[in-house]
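Topology and contacts: notes
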Amino acid sequence: MKKIFYLMSVVCLMMAASCEKPENGNNEKPQTEPPVVTVPEGVKTAGAELVLKAEGLVEGAEFYLKSGEEKITLDGAKVSASGATVKLPYCLGEYTLFVKQEGVEVEIGKITIAVTGVVLPENAVSAGDEITIAGNGFASDALIFINGIESVTAVEAAGVKVTVPEGVVEGGNSVSVKQAGTEQEFDGKLKVASEVTAEKKNRTSINITYGGDPFFSISAVYRDGEPVEMTSDFLGTSSTTQITKSGNTYEFSGDVNWSFTVENGRVEKFIYEGSELPWTYNSDGQLTEFYTDNEYLYKLDYEDGNCVSFGSLYENPDMLVTNPYEIDFGTVWGALMYVDGNCDILYSAILFGWVGNPSKRYPSVNVDEGDRLPYVYKFDNDGYATSMAVEGFMEVVCEYEK
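Within each chain, residue numbers correspond to sequence positions counted from 1 in written order. Whole-chain, interface and lining totals are the exception, using all residues; otherwise, since this is a predicted model, local features are given only for residues with pLDDT of at least 70 and side-chain atom pairs are given and counted only at 80 or more. The basis for every side-chain value is the complete set of non-hydrogen atoms in the structure, without hydrogens or water.

The subject of this paragraph is the sheet that holds strand β28 (residues 280-281). Should DSSP find at least two bridges between two strands, the strands are taken to pair. Secondary structure elements are taken from DSSP: a helix is a run of H or I of four residues or more, a strand is a run of E of two residues or more, and numbering for both begins at the N terminus. A sheet is described by the order of its strands in space; here 3 strands give the open sequence β28-β29-β30, paired in antiparallel fashion. The two strands at the open ends of the sheet, each matched to only one other strand, are β28 and β30 (297-299). Two strands pair when backbone bridges link them, and strand β29 (residues 287-291) and β30 are joined in this way by 3 bridges, in the antiparallel orientation. Pairing of E289 across the sheet is with K299, part of β30.

Listed below in structure tokens is the structure:
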């Protein structure tokens, strides 16, 4: 009898256990594991698509960003077996990315959104100039601020065109973008030139004498403001080169043939005997590397914005170059001893003002075998240096169209 009672008790307990409710107190199925989503490294471009690798996402998963109390929903997420693709907004800054599915919110990670690939103009500009700031992620209503001043802006595929506003200061100016109620300050500064009174004039010749005797000269003939012929003479050996222009490319035909493509007032492409060879500039827009044939790369060194490759010193702080069309006199003199072949190629670009910005100061002293030789200058009424000389040693003389 006791055995029967014991068996009945066990059966009742089993029946009771089978009737118990789930621990969550309802009849819903247990929740699935939360998704695992990976955010790719690096700053993300505003307005771009972001591809997320993930496991466990379901159709209808919602993605959004949070920053403080702000919540930005990322509409139109495309979910696949391997992850998801979402479209980023044009807001800028650091956010936390979340996903929500089946009632569960999961924090994915931090994400920084910015305008990326920003390139500011290298050359100094002036108020009223129209410049292009390259970059990716500009919104259609993006506003550019230079030195805190709102500028006239037109957004294009490769960046923005901006009119430099009045009120910028000489030297470096901060540049920032405001869009979607957010702001980003760009790395680097926009260089603004000091007020320049000189107007651009065509240089017709550069003549160099050494010990009072002719050493090197190069001259040009212009037609309608463009060079059409160039003649050079090195220690009595003369050559003439014809120049033809197509678009912004100049073809030089003579004893040596080459072409320059000139953009932003300087050689950006040099082709010699069918080979394209780089001419390179630093952040101050000064020539640092160049070729005159396909054999050898020449390099120029700068300190504090001044070329120090040829024994020139820049000791006089008052001798600032305020004329952007000036030549670099220290380079003009020293490069003759430096370039082994086809010096006409470099000097043609110097003659026509296509070698970027000069040193920030005029060189004041030349060091020659321990001697300190002071440079003496002459200037015309337009602010151009017409000559640099060391008495009894050498002289560089420039002439211009009247």
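With that out of the way, let us pick up the sheet that holds strand β17 (residues 175-179). One open sheet accounts for 4 strands, arranged β13-β12-β17-β18; its pairing is antiparallel. With one partner strand each, in any of the chains shown, β13 (149-150) and β18 (182-185) form the two edges of the open sheet. Where strand β12 (residues 143-146) lies against β17, 4 bridges are found, and the strand directions are antiparallel. Its bridge partner lying in β17, F145 is registered against S176.

Right, let's talk about the environment of G236 for a bit. As for its position among the elements, G236 is in the loop between β22 (226-234) and β23 (237-246). When the C-alpha atoms of G236 and S217 are compared, they prove to be 9.7 Å apart, with 19 residues separating the residues in sequence.

Another aspect to go through is the nonpolar core. Definition used in this section: a nonpolar core is a set of buried Ala, Val, Leu, Ile, Met, Phe, Trp, Tyr and Cys residues joined via side-chain atoms within 4.5 Å. When a residue's accessible area, from a 1.4 Å probe over protein chains only, is under 20% of the maximum for its type it is buried; when over 50% it is exposed; and in between it is partly exposed. In terms of nonpolar packing, the biggest core is built from 60 residues, with I206, I208, F260, F270, W279, L346 and Y347 touching the most fellow members. In terms of residues, this core owes the most to one element, helix α3 (residues 343-351), which gives 7 residues. Should any heavy atoms of two residues lie within 4.5 Å, those residues are considered in contact. Other than its neighbours up to four places away in sequence, L346 contacts W279, L287, F290, T292, A335, V339 and V355. The next biggest cluster of nonpolar side chains, apart from the first, holds 43 residues, and it includes L52, C91, A142 and V177.

With that settled, consider the state of the cysteines. Defined by distance alone, a disulfide is two cysteine sulfur atoms within 2.5 Å. Evaluation of the coordinates by the stated rule reveals 0 disulfides. Looking at C307, it has no disulfide partner, and the nearest cysteine sulfur is the one in C398, 16 Å off. In this structure C307 comes out as buried when scored by relative accessible area, which is 2%.

Positive phi values are uncommon outside glycine, yet N264 reaches one of about 55°. With respect to the helices, strands and loops of the structure, N264 is situated in the loop between β25 (258-263) and β26 (266-272). Among the residues examined, N264 registers a relative accessible area of 64% and is labelled exposed. Its identity as a non-glycine residue notwithstanding, D304 has a phi of 55°, on the positive side.

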